[in-house]
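Summary of structural features
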Amino acid sequence: MINGIIGRKLGMTQLFSEDGTVTPVTVIKAGPCVVVQKKSATGRDGYNAVQLGLVEEKPVKLKRVTKPMRGHFEKTGGGLPPTRILREIRLNGEPEAEIGEQVKADLFNDGDSIEVVGKSKGRGFAGTIKRHNFSRGPMTHGSMNIRRPGSIGQSASPSRVLKGTKSSGHMGDDRVTVRGLTVAKVDAENNLIMIRGAVPGPNGGLVVVKKSERQRG
């Protein structure tokens, strides 16, 4: 059973219940996706998975598809148009889906426990206060160490900065998995999933929504 889908983060909104309770939700445009490839633990791949392709409103022009990718899609039988975005979803059991089968938002139900994989917002070069939540130095008495990281070197031994020392550097733009999220509402007609809470990445960013381990089949 397929337990995940590719989507795009549209933004946040609110859901109002009958008793007036407000729930902040993140709206995901989930799919439609199509099964491009199956992998089996009994085959040469050694694990169970399906490769999904995100079907976008604007189809990919054949001249934009590289020769290797064109061959990859031709292996499906020739009836499957190329997709620009491909993601692999691991399965616990043998894949039961067929090549070309569509995966839509109705894969999920209200109240499902899920996890979302996305890419965090890139923040560029950041200092230690922003990147690692360091405390700042004193602001008075001629202090010249307000936002500087302070001393990170060693004494006579080992006379170098140890590996893994937190420092300034590139922040964000990392693969992030957020677990323990819940599906607040599913709009299957418009392929929308509303998730209670925040989801990594900017609006328009790609995400993979998967059922939690305990719900996978």
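Predicted model only: the values in this text are computed from it and were never measured.

Notes on the pattern of salt bridges
- Enumeration over the complete set of coordinates arrives at five salt bridges.
- Between Lys 39 and Glu 88 there is a salt bridge; the shortest N-O distance is 2.9 Å. Remark: Glu 88 occurs in strand S5 (residues 86–90) and Lys 39 occurs in strand S3 (residues 33–39); sequence separation between them is 49 residues.
- For Glu 88, a relative accessible area of 35% gives the class partly exposed.
- Its salt-bridge partner being Arg 179, residue Glu 115 comes within 3.7 Å of it at the nearest N-O pair. You can see Glu 115 sitting in strand S7 (residues 113–119) and its partner Arg 179 sitting in strand S10 (residues 175–187), a full 64 residues away along the chain.
- With relative accessibility at 7%, the residue Glu 115 sits in the buried group.
- Look at the salt bridges and you will find they share partners, linking Arg 8, Glu 56 and Arg 84 into a network.

Some words on the sheet that holds S3
- With respect to topology, four strands assemble into an open sheet ordered S5-S4-S3-S6, the strand pairing being antiparallel. Strands with a single pairing partner mark the edges of an open sheet, and in this sheet they are S5 and strand S6 (102–103).
- Judged from the five bridges that link them, strand S4 (residues 49–54) and S5 form a sheet pairing that is antiparallel. Pairing of Gln 51 across the sheet is with Glu 88, part of S5.

Reading the values: rules and limits
Per-chain numbering applies: the sequence of each chain, read as written, is numbered from 1 onward. Under the rules for a predicted model, residues below a pLDDT of 70 receive no local features and side-chain atom pairs below 80 are neither given nor counted, while totals for whole chains, interfaces and linings still include all residues. Side-chain numbers here rest on the full set of heavy atoms in the structure, without hydrogens or water. A pair is scored as a salt bridge if a Lys or Arg side-chain nitrogen falls within 4 Å of a carboxyl oxygen belonging to Asp or Glu. In this description a helix means any DSSP run of H or I spanning at least four residues, a strand means any run of E spanning at least two, and both kinds are numbered starting from the N terminus. Accessibility here uses a 1.4 Å probe with only protein chains present; expressed as a share of the type maximum, an area under 20% marks a residue as buried, one over 50% as exposed, and anything in between as partly exposed. Between any two strands, at least two bridges found by DSSP are needed for them to pair.

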